[in-house]
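Read off the chains here:
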Amino acid sequence: MKRISRIILILGLLFSGCTAKVEPENSYQVEAFPLTAASWPLQALLNELHRELSPDPDWIAGEASGSTQAAWRTLIQVVNPKPRMILAYEPSALMREELQDYDTLWQAQTIGYDALVMVTGQENPVDTLTLEEIRDIYAGKITNWKQVGGEDRAIRIYAQDENSGLQTAFERQIMQGQPIRLPELEWVYERPGVVRQEIAAFDAEADALGFSSLQMVTQVNPQPEIKLVRIAGILPNAKTIENGKYPLRLPVLLASNTASDATIAGITDWLLSQRGQQWLSEHGLVPVQ
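Everything in this summary refers to the structure shown in the same document. (Residues numbered from 1 in each chain as written. Predicted model: local features only at pLDDT ≥ 70, side-chain atom pairs only at ≥ 80, totals over all residues. Heavy atoms only, no water.)

### Points about the overall build of the protein chain
- Scanning the protein chain from terminus to terminus reveals ten helices and eleven strands.
- For the protein chain, the proportion of its 289 residues judged to be buried stands at 41%.
- Across the protein chain, the fraction of contacts at a sequence separation of at least 24, relative to all contacts at a separation of at least 6, is 72%.
- Of the roughly 16,000 Å² of accessible surface on the protein chain, 51% is carried by carbon and sulfur atoms. (Helix = DSSP H or I, 4+ residues; strand = E, 2+ residues; numbered from the N terminus. Buried < 20%, exposed > 50% of the residue type's maximum accessible area, 1.4 Å probe, protein only. Contact = heavy atoms within 4.5 Å. Areas by Shrake-Rupley, 256 points an atom, 1.4 Å probe, with all protein chains shown as cover.)

Here you go:
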């Protein structure tokens, strides 16, 4: 009888060990979050990171800093410098020069991957383009959708601001030194008697071709009228980005203006930990590990 009871007790302990898994709480919390900024598609991710690591339940997210250029500029501090941290895409060559001009000692760590994606309107029958075809379209060598298997209509191309992280990535990964022909522009009113032209916002019509980030079109601002264009038949998703079949990976950087701040170092270490990488995956990025 005692032997039977002992066996039942052992089996009970074994089964309870299988079912009583408890997810450990975060091992890292930030008592005083550093000053932060982000590229616009990454602002929501930064806000969620603050909520995840900060013990303050009443914290309210601030306004987005805007462009990638604006985020990088927050690292420049001439008077009374303070530790700052940003989540951003890569800086443009002009932004790197600006950081250097102000003697800003910045450092950056890739914490995960987004993807550069090509977009068009849902009514466009073209589903896939090669990198060479995209390059030729933006260089002005291909000007009609009929040349890439579509309908007989002119291609309207859309770009981003010259200093944006997405424009920088597009020029590096796709154009590879070739200039972009004139993209769609729009007139912007500044003040009475003064208007100027700037890069037009993407208009999801069947004749349009533009580019964005996967995080933007799936997490931040999904629009049903926008269609993702496959690259040589490959659709961007977590699996194809991670295994390299989708070619346009977009590094997400955690950058700072100091190498000695313990809080920023702790946040970086947490994001690169197994739990942090899982958290980034749950929020739409592809982990680096």
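From this point, the narrative continues.
### Focus: the side chain of Thr268
- Of note, Thr268 is situated in helix H9 (residues 262-272).
- A relative accessible area of 13% means that Thr268 is categorised as buried.
- What Thr268 contacts, discounting residues up to four positions off in sequence, is Gln109 and Leu254.

### Some remarks on helix H6 (residues 165-175)
- Among the eleven residues of H6, nine are classified as buried, and the element is accordingly described as predominantly covered.
- Here H6 has its buried residues at Gly165, Leu166, Gln167, Thr168, Ala169, Phe170, Gln173, Ile174 and Met175.
- Residue Gln176 follows H6 closely and has a positive phi angle near 50°.

### Focus: the nonpolar core
- Ranked by size, the top nonpolar core spans 56 residues in total, and within it Leu49, Met118 and Tyr138 carry the most contacts.
- Looking at this core, the element that brings in the most residues is strand E3 (residues 107-121), giving seven residues.
- Leaving out residues up to four positions away in the same chain, Tyr138 has contacts with Met118, Ile157, Tyr158, Phe170, Met175, Pro179, Ile180, Arg181, Leu209, Gly210 and Phe211.
- By size, the runner-up hydrophobic cluster in this structure holds eleven residues, among which are Leu75, Ile86, Met95 and Ala255. (Core = buried A, V, L, I, M, F, W, Y, C linked by side-chain atoms within 4.5 Å.)

### Side note on the packing of helix H5 (residues 131-139) against H6
- Where H5 contacts H6, the axes come no closer than 10 Å and their chain directions differ by 120°. On the side of H5, the interface is formed by Leu131, Ile134, Arg135, Tyr138 and Ala139, while H6 contributes Phe170, Ile174 and Met175.
- In terms of residue class, the contact of H5 with H6 is made up of seven nonpolar, no polar and one charged. (Axes fitted to C-alpha atoms, helices over the stretch in contact; angles between N-to-C directions. Nonpolar A, V, L, I, M, F, W, Y, C, P; charged D, E, K, R; others polar.)

### Remarks on the pattern of salt bridges
- Considering all chains together, one arrives at eight salt bridges under this definition.
- Between Asp127 and Lys227 there is a salt bridge, with its nearest N and O atoms 2.9 Å apart. Of the two residues, Asp127 sits in the loop between E3 and strand E4 (128-129) while Lys227 sits in strand E9 (residues 226-231), which places them 100 residues apart along the sequence.
- Relative accessible area serves as the criterion here: at 42%, Asp127 is assigned to the partly exposed category.
- For Arg156, the salt bridge identified is with Asp203, shortest N-O distance 3.7 Å. Residue Arg156 is located in strand E5 (residues 156-157), and its partner Asp203 is located in the loop between strand E7 (194-199) and strand E8 (208-213); the two are separated by 47 residues in the primary sequence.
- What emerges from the salt-bridge pattern is a single network uniting Arg156, Asp203 and Asp207. (Salt bridge = Lys/Arg side-chain N within 4 Å of Asp/Glu carboxyl O.)

### Description of helix H2 (residues 43-53)
- Within the sequence span of H2, burial applies to Gln43, Leu45, Leu46, Asn47, Leu49, His50 and Leu53.
- Along its buried surface, H2 packs onto strand E1 (35-38), strand E2 (84-88), H9 and helix H10 (274-282).

### Quick word on the pairing of E9
- Here four bridges tie E3 to E9, and the two strands are oriented antiparallel to one another. Bridged to Thr120 within E9 is Lys227.
- Sheet topology note: the E4/E9 ladder contains two bridges and is parallel. Directly across from Leu129, in E9, lies its bridge partner Ile231. (Pairing = 2+ DSSP bridges.)

### Description of a nonpolar patch on the surface
- Among the surface-exposed residues, Val78, Val79 and Tyr102 lie close enough to one another that they form a single nonpolar patch of about 360 Å² accessible area.
- Of note, Val79 is situated in the loop between helix H3 (68-73) and E2. (Patch = residues over 30% accessible without salt bridge, like charges linked within 9 Å, V, L, I, M, F, W, Y side chains within 5 Å.)

### Examining unusual backbone geometry
- We note that Asp103 has phi near 55°; this positive angle belongs to a residue other than glycine.
- Relative to the helices and strands, Asp103 is located in the loop between helix H4 (93-101) and E3.
- One non-glycine residue, Ala232, lies in positive phi territory at about 50°.
- Along the chain, Ala232 turns up in the loop between E9 and helix H8 (238-242).
- Here Ala232 falls in the exposed class, since its relative accessible area comes to 56%.

### Structural notes on the packing of H9 against H10
- The N-to-C vectors of H9 and H10 enclose an angle of 75°; their axes lie 4 Å apart at closest approach. Relative to H10, the element H9 lies roughly perpendicular. For the pair H9 and H10, contact is made by Trp270, Leu271 and Leu272 and by Gln274, Arg275, Gly276, Gln277, Trp279 and Leu280, respectively.
- Among the residues making up the contact of H9 with H10, the classes are represented as five nonpolar, three polar and one charged. (Parallel < 35°, antiparallel > 145°, perpendicular 65-115°, else oblique.)

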